[in-house]
Amino acid sequence: MSLRFMGHRKDTVCINVYLLAFSAAMPVVIGFEGSANKIGIGIIRDGEVLSNPRRTYITPPGQGFMPSDTARHHRAVILTVLKEALEQAGLKPADIDCVAYTKGPGMGAPLVTVALVARTVAQLWGTPLLGVNHCIGHIEMGRLITRADNPTVLYVSGGNTQVIAYSQRRYRIFGETIDIAVGNCLDRFARVIKISNDPSPGYNIEQMAKKGSQFVELPYTVKGMDVSFSGILSYIEDMSHKMLSSGQCTEEDLCFSLQETVFSMLVEITERAMAHCGSQEVLIVGGVGCNLRLQEMMGVMCKERGAKLFATDERFCIDNGAMIAQAGWEMFRSGQITELEDSWITQRYRTDAVEVTWRD
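Going by what an unreviewed UniProt entry lists, the protein chain is known as N(6)-L-threonylcarbamoyladenine synthase and is assigned to Takifugu rubripes. Quoted verbatim from the Sequence similarities (unreviewed entry) field of the UniProt record, the comment on the protein chain reads "Belongs to the KAE1 / TsaD family."

A word on the overall build of the protein chain
Broken down by element type, the protein chain carries 11 helices and 13 strands. The C-alpha atoms of the protein chain give 21 Å as radius of gyration, which agrees with the globular expectation for 360 residues (21 Å, within 12%). Dimensions along the principal axes, computed over C-alpha positions, put the protein chain at roughly 70 × 45 × 30 Å. Burial statistics for the protein chain: of 360 residues in total, 56% are counted as buried. Counting only contacts in the protein chain whose residues sit at least 6 apart along the sequence, the fraction spanning at least 24 positions is 78%. Accessible area for the protein chain stands at about 15,200 Å²; split by element, carbon and sulfur atoms hold 50% of it. Across the protein chain, 35 positive and 39 negative side-chain charges occur, with their mean positions spaced 4 Å apart.

Section: helix 6 (residues 201-209)
Listed in full, the buried residues belonging to helix 6 are Pro-201, Asn-204, Ile-205, Glu-206, Met-208 and Ala-209. Looking at the packing, one finds that the buried side of helix 6 touches helix 5 (182-192), helix 8 (251-277) and helix 9 (292-305).

Describing the pairing of strand 7 (residues 152-156)
Within strand 7, five of the five residues are buried, which leaves it mostly tucked inside the rest of the structure. Because side chains alternate across strand 7, one face comprises the buried residues Thr-152, Leu-154 and Val-156, and the other comprises Val-153 and Tyr-155, equally buried. Relative to strand 12 (residues 281-285), strand 7 runs parallel, the two sharing four bridges. Bridge assignment links Leu-154 to a residue of strand 12, and that residue is Ile-284. In terms of strand pairing, strand 7 meets strand 8 (residues 161-167) through four bridges, oriented antiparallel. Bridge pairing in strand 8 links Val-156 to Thr-161.

Here is what the cut-offs are and how they apply
Residues numbered from 1 in each chain as written. Predicted model: local features only at pLDDT ≥ 70, side-chain atom pairs only at ≥ 80, totals over all residues. Heavy atoms only, no water. UniProt positions renumbered as here; feature names shortened; annotations may be inferred. Helix = DSSP H or I, 4+ residues; strand = E, 2+ residues; numbered from the N terminus. Rg over C-alpha atoms; globule rule 2.2 N^0.38 Å. Buried < 20%, exposed > 50% of the residue type's maximum accessible area, 1.4 Å probe, protein only. Contact = heavy atoms within 4.5 Å. Areas by Shrake-Rupley, 256 points an atom, 1.4 Å probe, with all protein chains shown as cover. Lys, Arg positive; Asp, Glu negative; His and termini not counted. Charge placed at Lys NZ, Arg CZ, Asp CG, Glu CD. Pairing = 2+ DSSP bridges.

What follows is the structure, encoded as structure tokens:
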């Protein structure tokens, strides 16, 4: 049975009474994700994924996705995805106890599109609203699926590259990219040699890399705990056509070489963070975390250190609604609610800006 929350302007006492009603129950949380080219809506109940449908905005080879076009795609399909999420879960709006949405970081226009729908749904259904940090959604989903205890987290996607560890109610960033994300580097390389965006450029690079046999030396830039990918991208953008036209290497060789170089950088800074934290667990999250070669390289490092590697597949690595629902579920259970007037979005929302009230 779901309690109704008939307005967002409730005083503290009413909110606390509402939340206490769930202390012995299992709240159902629906999550809306749409920070980039994927729109997903997932439903979570007490750690169980009830549904998690999504759609992807795919552009022609050689092209990226513009914020306005991506938002238009999300607007066209979001209600269909919402209907699918409820039907797959076997639930009705009255069964939903909280609506969570991606507050940021991400692309402005898609974020606004999803936030508007989430706000509208929360008011129509009379449920509380929760703005969720996208990065923390990835982390909490990874922890749920893999059952990792207190891992060093490598978060790698098209918009973010961070090495993270939990300490004193914050997910602390120990290292990160100082320019572009590793996923952005891979995506933009794919555009240079016109690799298909279907199902994703990163996946197609991974498959082509398996056929590469010659390693091409590329810039390797690690600065302490941080990494830089812009120089690698500039070099390969400038040199790729010359190397390909002269027969110096193949497209598959370039895919192989790029993966080996950037993934080695990521393994290096992750191992350094593990040593600093005394950690014996690594959790890879984010869309690039689906890459089996990255998992293999990280696994070798972990084995040498006597550590454990945790990762998920494309169902939960790639942006999805269930990860927002899971983070929202944790936040909701710990007493957090986003007032309607505070339910804005932000394109820049640091992982370490969020107080993690649901962990000791």
